[in-house]
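# Structural overview
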Amino acid sequence: MAFFRIHNPLPTFAARKISYPRLPARLPSISSQVSHRKMSTFKQEAHKDLLYSKDAQIFLISGSGTLGWDQVASNLIEPGEDVLVLNSGYFGDSFRDCLEAYGAKVDSIVAEFGAAVSKSEIEKALKAKKYKAVTFTHVDTSTGVLSDAKMIGETVKAISPETLVVLDGVCSVASEEIQMDAWGIDVVLTASQKGLGAPPGLSIVAASQAALAVAQSRKTPVTSYYASWKKWLPIMNAYETGKPMYFATPPVNLIRAYYTSLKQITQVAPSLEERFKLHKEASRRVKDAVAELGLKEVPKDPYYAANGMSAVYLPDGVGVGDLVPRLLQRDVVITGGLHKDYKEKYFRIGHMGTTVVNAERGDLDKLVTALKESIREAVASKQSSLLDRGQEPYRRPETTPKRPSARL
Ligand SMILES: *Cc1c(COP(=O)(O)O)cnc(C)c1O
């Protein structure tokens, strides 16, 4: 059989080009039944381990991570109901917009750039108003800020046990620990293409039994057709039991690739615990290298810095455009900022999944070396052009930011 290899088409988090699991170039005749067989064992086995949940319901639907927001907004929230969005960057804005599109009344607590919403702010908001749901971005990909999922789940459940806790894990699942049951998280929404290392195109949502009950007991109709859990629940059950059933065509090829990736993550060494530890170690290496160069991270407090990516302020006078080609030459892909007010000021690097776990690839060494060389080169070239024009050259800051040991 012929094979082809898909490279990450997005200029995003790959520390170098990621090669995805090989897929058959020509799929066998596609019928929805094919995937039913391939889907069995998903719910009970792999997701239970990945998200530490004994009975979460999994929805696997063709679409990107964004579809997870639509699923939450249209199944769990009735028009006019109050939702609290904890906003630590760009993706908090978008989640709010999506909720509002379905008629939710949204209050946002917007953290300062580089910070996460604090416990006291959450407590204050929950004491002032009853919310149907609290949503937060676990790792906001725009800022590299990691929210404390355990604190948020526990805080919400302590003050308002019926309020659903929704975690946007598109950038965190499989690189950060998420204990759905123990931390009181009702929904985790994610996608196939970031930490899960499969091609893009699959929306993955895990809903607690409490969340399902809320969806099933709503008074008004579900406000989406394609994203309706009422439609998908029997299909997911059919996937598990291997029965043929149709609502909308499943992305058979993606489901297979995802299945391969998920099995790798949950069943093949390293263990999940070890995987999270490796992400923390890799993150520290990258962040130490950045500090050594005299650069500052966007997250203000290392406790709130993601382990699967880094967001770093550019040296004075150096633009993203000075850095991207230099790194690309060294086979490393980085991307610019993604926050409306600061996007020219920082860049982002991904270090998750295979880059971190498969040390034999040597990706991390390559990334750290390339980063150091490229930044020094970009700074030097700016300085020489400034000197040519008789201006003050860039000076390295006197003190390099110290990194206390982050959470381990
Ligand atoms: C990428 C991302 C999304 C959106 O996912 P798409 O697959 O691009 O639709 C949502 N939330 C976070 C935190 C993300 O990083």
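Everything numeric in this text was worked out from a predicted model, so none of it was measured.

### Looking at the UniProt feature "binding site: substrate" (unreviewed entry) in the chain
The sites that UniProt annotates as "binding site: substrate" (unreviewed entry) are Arg348. Not counting residues up to four positions away in its chain, the partners in contact with arginine 348 are Gly144, Met309, Ser310, Ala311, Ile334 and Thr335.

### A word on the sheet that holds strand E11 (residues 202-207)
With mixed pairing, seven strands are arranged side by side in an open sheet as E3-E11-E10-E9-E6-E4-E5. At either end of the open sheet lies a strand with only one pairing partner, and these are strand E3 (57-62) and strand E5 (105-110). Between one strand axis and the next, the sheet turns by 20° as a mean value, whatever way the strands run. Across five bridges, the pairing between strand E10 (residues 187-191) and E11 is antiparallel. Looking at the pairing, threonine 190 lines up with isoleucine 204 of E11.

### Focus: the packing of helix H5 (residues 119-128) against helix H6 (residues 149-159)
Where H5 contacts H6, the two axes come as close as 10 Å, and the packing angle between them is 25°. If you check the angle between H5 and H6, you find them roughly parallel. Two packed elements cross with a definite hand, and for H5 against H6 that hand is right-handed. On H6, the residues touching Lys119, Ile122, Glu123, Leu126 and Lys127 of H5 are Met151, Ile152, Thr155, Val156 and Ile159.

### Overview of the nonpolar core
One finds Val187 and Val188 to be the most contacted residues of the largest nonpolar core, which totals 109 residues. Here this core spans two domains, since at least three of its residues come from each of domain 1 (31-267) and domain 2 (272-388). Residue contacts for valine 188: discarding those within four places in its chain leaves Leu51, Leu167, Gly169, Val173, Ile178, Met180 and Ala206.

### Details of the environment of arginine 285
Along the polypeptide, arginine 285 turns up in helix H11 (residues 272-292). Put simply, arginine 285 and leucine 364 are 79 residues apart on the chain and 8.5 Å apart in space, counted from C-alpha to C-alpha. Not counting the four nearest positions on each side in its chain, arginine 285 is found in contact with Leu364 and Val368.

Calculation notes
Residues numbered from 1 in each chain as written. Predicted model: local features only at pLDDT ≥ 70, side-chain atom pairs only at ≥ 80, totals over all residues. UniProt positions renumbered as here; feature names shortened; annotations may be inferred. Contact = placed C-beta atoms within 7 Å. Pairing = 2+ DSSP bridges. Helix = DSSP H or I, 4+ residues; strand = E, 2+ residues; numbered from the N terminus. Axes fitted to C-alpha atoms, helices over the stretch in contact; angles between N-to-C directions. Parallel < 35°, antiparallel > 145°, perpendicular 65-115°, else oblique. Left-handed = near helix turned anticlockwise from the far one by under 90°. Core = buried A, V, L, I, M, F, W, Y, C linked by C-beta atoms within 7 Å. Buried ≥ 20, exposed ≤ 12 C-beta atoms within 10 Å, placed from the backbone. Domains from an automatic or database assignment.

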